[in-house]
Amino acid sequence: MHVAIVGGGGTGAAILHDLTQRGFRCTLLERGELTSGTTGRHHGQLHSGARYAVGDVEIARECMEEVTILRRIAAESIEMNYGLFIALDDDDVDYSPEFERACSDAGIPNRRLSTSDALRHEPGINPRTRHAVMVPDGTIDAYRLPLQFFATARSGGATIRTFCEAIGIDSANGRVSGVTVRDHRTGRDERIAADIVINAAGPWAGAVAALAGVDLPITPAPGTMVAVKGRLCNMVVSHLHPPGDGDIIVPQRNLSIVGSTQWEVDDPDAIRTPPDDIHRLLDRACDLVPAFADAEYHAAWTAARPLSGRADAGGRQLSRNFQVITHAGEGSDDVAGFFSVTGGKATVLRAMGEAVADQVCRYAGLSIAGRTADTPLLAHRDFWRQTGRVGEPVA
Ligand SMILES: Cc1cc2nc3c(=O)[nH]c(=O)nc-3n(C[C@H](O)[C@H](O)[C@H](O)COP(=O)(O)OP(=O)(O)OC[C@H]3O[C@@H](n4cnc5c(N)ncnc54)[C@H](O)[C@@H]3O)c2cc1C
């Protein structure tokens, strides 16, 4: 059985790995370079789930479980530097017990620190900090983590085709039959036959579903991040309050990155970084880590979340959870064998791959258990060793 996966971000990488490991013949199609969508431009936080614990204990629990798994299977892409949620005013102090209780309910280890202990662990934080809560957040390498999945999938026989854009999802008698792709290196169009097609196109998933004539509820929700030079803190520093704009600082290599903001767009290809976001984020960052005030500006960029559902109620109301949609029901626009995945986070990419693969097995009438949680991934460098030469296009 041949499976075509559209989208070479972290989600596509994890699906490719899982299905290949379960014995499917898989081809991944990516219109640009691997991770050239949202995956290559996110904040880089390995979420313990603490940020979501008060709002959604299940998402929080899933994050924590995936942190434990990723530390086991992909340690080289993770810096386990831990996270501090800092309380700066009375409201934050009042919110803290609910936050700590919710973390405990979700199975997230958490420890309250006095001001002096917090400053001892993380000298970069605002000395006005009233108290802090330490959780097992960390930093992920946005590029290396998916590359580990790609390398492992390819060593298992998967095919990866970059610069190949899906321009049509083909079907016959209500069943998917393949993908028409445009190879941007040759300029030629080609039809790839497939028994199953998976739409893992992130914020572009709505456009890819439309190629199959399917209406997919998804909201591309961009957010801005700003990096300054220097590692101004070693832990992930977050504001101890309900999730909002500019309340997380992630140390990443020798940079400190503050993020993010959120709004909604129709077209993820037409996003500009709003200049106001940059000033607002830098102001917020100074509250958490005062050295931001004098730090040298490095860069600002924007990427779009592929949020599940439509943002009639405003983007922050939309769940951060992921959904696997089987377009094989009774609807007039349904196409058997066509699946979409929306929402989620880089932290839970493996779980997303597993959930999609479970649905595919169910559709195919196969009972094959996933094993990705217990399979250490190859090193990201193996991806380049497989092609023989660094920079060589992946055929
Ligand atoms: C501002 C911001 C900050 C974030 N911070 C974090 C964080 O700190 N930690 C965390 O865990 N998560 C974070 N996330 C979430 C995370 O980045 C995303 O959930 C994840 O990267 C989505 O991956 P994906 O593979 O689903 O989508 P993408 O990475 O966008 O992959 C989809 C791919 O599909 C390709 N594609 C589109 N159309 C076609 C086509 N027609 N044919 C072929 N290919 C196509 C695109 O080129 C793209 O490469 C953040 C998101 C945002 C926006």
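Data block above holds the structure.
Let me sum up the structure you'll find in this document. (Residues numbered from 1 in each chain as written. Predicted model: local features only at pLDDT ≥ 70, side-chain atom pairs only at ≥ 80, totals over all residues. Heavy atoms only, no water.)

## Section: the site of the ligand
Spelled out, the test is: The rule for a residue being near a molecule or strand is that one of its heavy atoms must lie within 4 Å of it. Polar contacts, as counted here, are pairs of nitrogen or oxygen atoms within 3.5 Å of one another; within protein the pair requires one atom able to donate a hydrogen and one able to accept it, and residues that are adjacent in sequence qualify only if both atoms are side-chain atoms. To be clear on the numbers: accessible area is Shrake-Rupley with a 1.4 Å probe, and residue cover counts the displayed protein chains and nothing else. A helix here means a DSSP run of H or I that spans at least four residues, while a strand means a run of E at least two residues long, and both kinds are numbered starting from the N terminus. Gly falls in the polar group here, along with every residue not listed as nonpolar (Ala, Val, Leu, Ile, Met, Phe, Trp, Tyr, Cys, Pro) or charged (Asp, Glu, Lys, Arg). How far each domain reaches was decided by an automatic or database domain assignment.
As a structural note, the neighbourhood of the ligand is formed by 36 residues, with Thr11, Glu30, Thr39, Gln45 and Thr347 the closest of them. Separating an oxygen atom of the ligand from a backbone N or O atom of Thr38 is a distance of 2.9 Å. One of the side-chain nitrogen or oxygen atoms of Thr347 is found 2.8 Å away from an oxygen atom of the ligand. Considering the ligand on its own, with 1000 Å² of exposed area, one finds that the protein chains cover 95% of that surface. For the shell around the ligand, the elements supplying multiple residues, two or more each, are helix 1 (10-21), strand 10 (164-172), strand 14 (218-229) and strand 18 (297-308). When grouped by side-chain class, the residues that make up the shell around the ligand number 13 nonpolar, 18 polar and 5 charged. The residue makeup of the shell around the ligand includes at least three contributed by each of domain 1 (1-44 + 142-217 + 309-395) and domain 2 (48-140 + 219-308).

## A few points about unusual backbone geometry
Our working rule: In this scheme, a residue with accessible area under 20% of its type's maximum is buried, one over 50% is exposed, and one in between is partly exposed, where area comes from a 1.4 Å probe on protein chains only.
Of the consecutive residues Gly259 and Ser260, the connecting peptide bond is found in the cis state with omega at -15 degrees. Tracing the backbone through its elements, the reader meets Ser260 in the loop between strand 17 (255-259) and helix 7 (275-288). Residue Thr35 is not a glycine yet carries a positive backbone phi of 65 degrees. Mapping Thr35 onto the fold places it in the loop between strand 2 (25-29) and strand 3 (45-46). Unusually for a residue other than glycine, Asn173 sits at a positive phi of about 55 degrees. Within the secondary structure layout, Asn173 lies in the loop between strand 10 and strand 11 (175-183). On the basis of relative accessible area, Asn173 is assigned to the exposed category, the value being 84%.

## Brief notes about the environment of Ile15
Defined as follows: Whether two residues are in contact is decided by their heavy atoms, any of which lying within 4.5 Å being enough.
Tracing the chain through its elements places Ile15 in helix 1. Considering only alpha carbons, one finds Ile15 and Arg350, 335 residues apart in sequence, at a separation of 7.8 Å. Among all residues touching Ile15, those that are not within four sequence positions of it are Ile5, Ile198, Ala200, Val341, Gly353 and Val356.

## Considering the nonpolar core
Selection rule: Buried residues of nine kinds, namely Ala, Val, Leu, Ile, Met, Phe, Trp, Tyr and Cys, make up a nonpolar core once their side-chain atoms join them within 4.5 Å.
Counting residues in hydrophobic clusters, the biggest one holds 62 residues, and the most contacted among them are Leu16, Leu19, Phe149, Phe150 and Ile198. In terms of residues, this core owes the most to one element, helix 2 (residues 57-73), which gives 8 residues. The residue makeup of this core includes at least three contributed by each of domain 1 (1-44 + 142-217 + 309-395) and domain 2 (48-140 + 219-308). Here Phe149 is in contact with Ala13, Ala14, His17, Leu70, Ile73, Leu349, Arg350 and Leu377, once residues within four sequence places are set aside. Counting 23 residues, the second-largest nonpolar core is a separate cluster that includes Leu29, Ile192, Ala209 and Ala212.

## Points about the sheet that holds strand 17
Across a sheet, strands are paired by hydrogen bonds formed along the backbone, either parallel or antiparallel in direction. How we decide: The pairing criterion is simple: DSSP has to find at least two bridges between the two strands. Angular values range over 0 to 180 degrees, each being the angle between N-to-C directions of two axes fitted as lines to C-alpha atoms, with helices fitted over their stretch in contact.
The strand order across the open sheet formed by 8 strands is 6-7-5-15-16-17-14-18, and the pairing between neighbours is mixed. Of all strands in the sheet, those bounded by a partner on one side alone are strand 6 (111-114) and strand 18. Strand-to-strand, the axes of this sheet are offset by a mean angle of 25 degrees, without reference to chain direction. Both strand 15 (residues 236-239) and strand 16 (residues 248-252) contribute to a ladder of 2 bridges, which runs antiparallel. Residue pairing in the sheet places Ser238 in a bridge with Ile248 of strand 16. Across the face of the sheet, helix 3 (residues 90-105) comes into contact with strand 5 (83-87), strand 6, strand 7 (131-135) and strand 15 while running at roughly 25 degrees to strand 7.

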